[in-house]
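# Coordinates in review
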Amino acid sequence: MKNWEQFLSPYKQAVEELKVKLKGMRRQYEQDSTHSPIEFVTGRVKPIASILDKAKDKGIQIDKLETEMQDIAGLRMMCQFVDDIKKVVELLRVRNDFEIVEERDYISHEKMSGYRSYHVVILYPVQTIKGEKKILVEIQIRTLAMNFWATIEHSLNYKYKGQFPKDIQTRLQRAAEAAFRLDEEMSLIRGEIQEAQAFFTRKKEQS
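Overview of the structure.

Rules used in this analysis
Residues numbered from 1 in each chain as written. Predicted model: local features only at pLDDT ≥ 70, side-chain atom pairs only at ≥ 80, totals over all residues. Heavy atoms only, no water. Core = buried A, V, L, I, M, F, W, Y, C linked by side-chain atoms within 4.5 Å. Buried < 20%, exposed > 50% of the residue type's maximum accessible area, 1.4 Å probe, protein only. Helix = DSSP H or I, 4+ residues; strand = E, 2+ residues; numbered from the N terminus. Contact = heavy atoms within 4.5 Å. Patch = residues over 30% accessible without salt bridge, like charges linked within 9 Å, V, L, I, M, F, W, Y side chains within 5 Å. Areas by Shrake-Rupley, 256 points an atom, 1.4 Å probe, with all protein chains shown as cover. Salt bridge = Lys/Arg side-chain N within 4 Å of Asp/Glu carboxyl O. Pairing = 2+ DSSP bridges. Axes fitted to C-alpha atoms, helices over the stretch in contact; angles between N-to-C directions. Expected span 1.5 Å × (residues − 1). Polar contact = N/O pair within 3.5 Å; in protein donor to acceptor, adjacent residues only side chain to side chain.

L65, M77, L92, V137 and I141 are the most contacted members of the largest nonpolar core, which has 40 residues in total. Every element with two or more residues in this core is listed here: α1 (4-31), α2 (48-58), β2 (73-79), α4 (82-93), β4 (118-128) and β5 (131-143). With ten residues, the top contributor of residues to this core is α1. Setting aside its immediate chain neighbours within four residues, M77 contacts L22, I38, F40, V41, V88, L92, I139, Q140, I141 and R142. Counting residues in hydrophobic clusters, the runner-up holds seven residues, among them Y115, W149, L172 and A176.

Below is the structure:
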């Protein structure tokens, strides 16, 4: 029987540390009074039940979790615009406090379901009393529209255990396309949106 509290402890530490670091990137843009490509950051450690379910589905042995399951620790970085995603990926690539081991572009090459997101898997060094421990962490970068769709799809996937009724599957694919069109339209008026947001921020600071 695995000691789950001990096993998950460095993953929890990694999530907390990375949330502080990635949110810090957003604050630096705010301090420079320039548009931040990062809207907000969230993070979580996968629940034990979800780890066991995925291990069973993927045929991963419990003693291989550290090397074969990339998303036990996960962070999401939300962006307003699709172009912001590229900027965030570039920001991650030049950091020297972790190593990128894999990138998966589900925006240019979306999944059959309609899922869109950009995944960056990193090897993150956690400092413990027993020394440094490098663990895998998955960072998902997506727009707010992509995240709305993915959150709904995840809930339905849990309900139907991946076996969607045909009509639900069709509607999800239509919704994914609608979310993508929304992102495209917002990109076309990006300048107007950013100007309005900057004006609102200045007004708020003056009041």
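Note that E99 resides in strand β3 (residues 99-105). On the accessibility criterion, E99 (44% relative accessible area) is partly exposed. Separated by 96 residues in sequence, E99 and N3 have C-alpha atoms that sit 27 Å apart. Once you skip the residues sitting within four places of it in the chain, E99 turns out to touch V121, I122 and L123.

The next point concerns a nonpolar patch on the surface. Side chains of I48, L52 and I62 sit close together on the surface and give an oily, nonpolar patch of about 210 Å² of accessible area. For I62, the position within the fold is in the loop between α2 and α3 (65-68).

Ordered in space as β1-β2-β5-β4-β3, the five strands form an open sheet in which the pairing is mixed. Each edge of the open sheet is held by one strand with a lone partner, namely β1 (40-45) and β3. On average, each strand axis in the sheet is inclined to that of its neighbour by 25°, with strand direction left out of account. In terms of strand pairing, β3 meets β4 through six bridges, oriented antiparallel. Paired with E102 across the two strands is V121, which belongs to β4. Contacting β1, β2 and β5, helix α5 (residues 144-160) runs over the sheet at an angle of about 100° to β5.

Once that is clear, we can look at the pattern of salt bridges. A pair can form between side chains of opposite charge whenever their charged atoms are brought close. If you walk through the whole model with that rule in mind, you get 14 salt bridges. The partner of K54 in a salt bridge is D71, with the nearest N and O atoms 3.0 Å apart. Placement of the pair is K54 in helix α2 and D71 in the loop between α3 and β2, with a sequence separation of 17 residues. Given the relative accessible area of 27%, K54 is considered partly exposed. Where salt bridges share partners, they join K21, R95 and D97 into one cluster.

With that settled, the discussion passes to helix α6 (residues 166-188). For α6, with 23 residues, the first-to-last C-alpha span of 34 Å sits near the 33 Å given by 1.5 Å per residue. The set of residues buried in α6 consists of L172, A176, A179 and D183. Considering only its buried residues, α6 is in contact with α4, β5 and α5.

Let's shift gears to the side chain of S36. Following the sequence through the fold, S36 ends up in the loop between α1 and β1. There is a polar contact of 2.9 Å between the side chain of S36 and the backbone oxygen of I38. Setting aside its immediate chain neighbours within four residues, S36 contacts R26 and Y29.

Geometry only, nothing functional implied.
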